[in-house]
Amino acid sequence: MYALAAYLLFMAAALLPFWLASYKKSTLLADSEYRDPGSNHINALRGLAALLVALHHSVFAYNYYHQGSWSLSEGNHFFSAENDYPLILLASFGYVPVMLFFMITGYLFGNHGIKNNGINIPLFYYKRFARIVPQYLFVLVAVLFVSFAMGLKPSTTLAEILRFIVSWLTFGFVEPVSFTPVYRGSLIVAGVIWTLAYEWMFYLAFPAIIAFICLFRNKVACLAVAIITIAAVCKLGVINEKNATLALCFGFGILAALLHEYYPALKKVLVNKLFVLFAIASVVIMVWGLKYKAYSIYSAPMLFPLFISVASGASLLGLLKFMPLRLAGTASYSIYLLHGVVYACIFTWTHLSFIPGVIISLLITASVSMLTYRWVERPFIKQSKKLVYVFTPANAKE
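Considering empty space enclosed by the protein
- Tallying each qualifying case throughout the model produces two cavities of 30 Å³ or more.
- In this structure, the second largest cavity occupies an estimated 30 Å³ of space.
- For the second largest cavity, the full set of lining residues is Tyr136, Val139, Leu140, Val143, Trp168, Val189, Ile193 and Leu337.
- Looking at the lining of the second largest cavity, its residues break down into eight nonpolar, no polar and no charged.

A look at a nonpolar patch on the surface
- Side chains of Leu16, Trp19, Leu20, Tyr23 and Phe322 sit close together on the surface and give an oily, nonpolar patch of about 530 Å² of accessible area.
- Looking at the secondary structure, you find Trp19 in helix H1 (residues 2-21).
- A relative accessible area of 37% places Trp19 in the partly exposed class.

Section: the packing of aromatic side chains
- This model, assessed by the stated rule, comprises 31 aromatic pairs.
- Aromatic pair Tyr62 and Phe347: ring centres 5.3 Å apart, planes at 85°, arrangement edge-to-face. Taken together, the residues span a long stretch of sequence, with Tyr62 in helix H3 (residues 37-67) and Phe347 in helix H14 (residues 332-349) at a distance of 285 residues.
- The exposure class of Tyr62 is buried, given its relative accessible area of 10%.

Notes on the pattern of salt bridges
- Taken as a whole and assessed by the stated rule, the structure comprises five salt bridges.
- Among the ionic pairs, Glu241 bridges to Lys293, the shortest N-O distance being 2.9 Å. Of the two residues, Glu241 is situated in helix H9 (residues 241-262) and Lys293 in the loop between helix H11 (273-290) and helix H12 (299-311); the sequence distance between them amounts to 52 residues.
- A residue is classified by how much of its surface remains accessible, and Glu241, at 22% relative accessible area, is partly exposed.

Thoughts on unusual backbone geometry
- In this structure, Phe171 takes a positive phi of about 55° despite not being glycine.
- In the Ramachandran plot, Leu317 falls in the positive-phi region, its phi being about 60° despite a non-glycine side chain.
- Along the chain, Leu317 turns up in the loop between H12 and helix H13 (323-330).
- For Leu317, a relative accessible area of 55% translates into the label exposed.

Definitions and cut-offs
- Residues numbered from 1 in each chain as written.
- Predicted model: local features only at pLDDT ≥ 70, side-chain atom pairs only at ≥ 80, totals over all residues.
- Heavy atoms only, no water.
- 1 Å grid on protein atoms, 1.4 Å probe; cavity = no way out; pocket = protein on both sides within 12 Å on 5 of 7 lines; lining within 4 Å.
- Points joined across faces, edges and corners; volume = space filled by probe spheres on them.
- Nonpolar A, V, L, I, M, F, W, Y, C, P; charged D, E, K, R; others polar.
- Patch = residues over 30% accessible without salt bridge, like charges linked within 9 Å, V, L, I, M, F, W, Y side chains within 5 Å.
- Areas by Shrake-Rupley, 256 points an atom, 1.4 Å probe, with all protein chains shown as cover.
- Salt bridge = Lys/Arg side-chain N within 4 Å of Asp/Glu carboxyl O.
- Helix = DSSP H or I, 4+ residues; strand = E, 2+ residues; numbered from the N terminus.
- Buried < 20%, exposed > 50% of the residue type's maximum accessible area, 1.4 Å probe, protein only.
- Phe/Tyr/Trp six-rings, centres within 6.5 Å; stacked < 30°, edge-to-face > 60°.

As structure tokens, then:
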């Protein structure tokens, strides 16, 4: 009960700023409204996923800055040692949302590529750059300031500063260098940037993936064979299970887009309450069965029913109709990148215990994420949309 009460308290703290913002007309509120219920619910799911990642990292961050270990259990005295279920649940708050993020990416890009029978490659990469890089650079500057405040290594030179910046600009392909003598570089952002490396790999591969799929008349069968092949190759030991799992997540996202495009009548089945309950049960079984194993090739197919149900318009028994979750979804990238920096500040610069520290951290993260979305992310997103409109063939004649 203690763990459940703590989870609910933390989630309430994270949603409070978005709940207050939902009562005021703003660009965040306007950008969080879509005509299609599926898009609205995907956005809310993305917000829920980002908040769960932040919640997941709360114990890790507290243990790291107080005990020196990035772990759930070492030095942890918040959960009963006899009952490990709260720790299993908290562990799942990390990998399940990440898998959902990758499915969302596969679905959105797959949907666009299928409807247009391919993509405009220069515009695709321009939009990805405009969407990912500005906020990332903002967080990099924040990391620099936090590192200076924590105290630099005694012999820090200009060359080391440049090495630090270059390592961070690889977007997770190289382990980021730390300025501080005590803390590991990537953990200042709760280690989340490794996922950006996988995102960029998918971006690089996506034009070829969609071109390949479009060669086949039965695109669904083509992708189904590709998914089975990835799982089989993993079982043979050719690729490791984590890489295979994340590739499957992207693949299942594209599969959802294909099913919607070619079998639209399925949506009625996928939003049915019985199917939604089945999808929720599948996730519960996955979490309990895998326990602390973060990425398994069995997890992607077990998560897929929940994802495609949401993408079809299911609200998960009304949960995804909650407006603060939609707002959190719009600001989810900022939440994802910023929460680790906020934890670092709160747990190193204050003497707050675990629960007050996490509550304050989540309140700050949610509030700042709305500001950075408005002033950092949104201007570049808006500019990229203008460029896409200008260079869309249908508008080029105007």
